[in-house]
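Architecture and fold: a report
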Amino acid sequence: MDDTAWKAAAATAAPEQACPIAPVVDIVFSRWTTPILWTLHHHGRQRFVELQRRIGTITPKVLTQRLRQLERDGLIVRTYHPEVPPRVEYEISELGRSLAPLFAHLAEWAAANLDRVDRARHDYDDAPAH
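Our subject in this report is the structure included herewith.

Conventions used here
Residues numbered from 1 in each chain as written. Predicted model: local features only at pLDDT ≥ 70, side-chain atom pairs only at ≥ 80, totals over all residues. Heavy atoms only, no water. Helix = DSSP H or I, 4+ residues; strand = E, 2+ residues; numbered from the N terminus. Buried < 20%, exposed > 50% of the residue type's maximum accessible area, 1.4 Å probe, protein only. Contact = heavy atoms within 4.5 Å. Areas by Shrake-Rupley, 256 points an atom, 1.4 Å probe, with all protein chains shown as cover. Pairing = 2+ DSSP bridges. Salt bridge = Lys/Arg side-chain N within 4 Å of Asp/Glu carboxyl O.

**Comments concerning the overall build of the chain**
Along its length, the chain carries 8 helices and 3 strands. When the helices and strands of the chain are placed in sequence order, the string is α-α-α-α-β-α-α-β-β-α-α. Within the chain, the proportion of its 130 residues that are buried is 22%. Pairs at least 24 residues apart make up 43% of the contacts formed inside the chain by residues separated by at least 6 positions. Per element, the accessible surface of the chain, about 9,300 Å² overall, is 57% carbon and sulfur.

In structure tokens, the structure reads:
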């Protein structure tokens, strides 16, 4: 498909067809998903309270919703231990761990480029009205 045909197809396609990574971005890069996956990857199995404490500003309601969605998506595993009191632990699944190289590349990009982004924002904000 030549460049013109590709652009025409992309312009009329559903978002996931125009950008094949759109579903991945929706799954992995929502507001709280990335910090949850990052924390589970770096700190291993966590109980709900430990996870909430490490992430910091997430509410229990939102953490519960995100954990359920991540479990549904197969990115984390929830383990219920029927003891008194009941204990629930969360860990990143094999599928979730497969995202580690992507996160590593993004961390490298951030380290190399966020200063440039800050400078560009500063330059834009200081420029005369656009």
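On we go from here.
**Considerations on the pairing of strand β2 (residues 76-81)**
Here β2 runs beside strand β3 (residues 87-92); their pairing, made up of 6 bridges, is antiparallel. Each bridged residue has a counterpart across the sheet, and for Tyr80 the counterpart in β3 is Val88.

**Structural notes on the pattern of salt bridges**
In this structure the tally under the stated criterion is 5 salt bridges. A salt bridge links Arg87 to Glu89; the shortest N-O distance between them is 3.0 Å. Judged by its relative accessible area of 14%, Glu89 falls in the buried class. Arg97 is the partner of Glu94 in a salt bridge, and the nearest nitrogen-oxygen pair spans 3.2 Å. Of this pair, Glu94 and Arg97 both sit in helix α7 (residues 94-97), 3 residues apart, roughly one helical turn. Its relative accessible area of 59% is what places Glu94 among the exposed residues. Taken together, the shared-partner salt bridges in this structure form one network comprising Arg45, Glu83, Arg87, Glu89 and Glu91.

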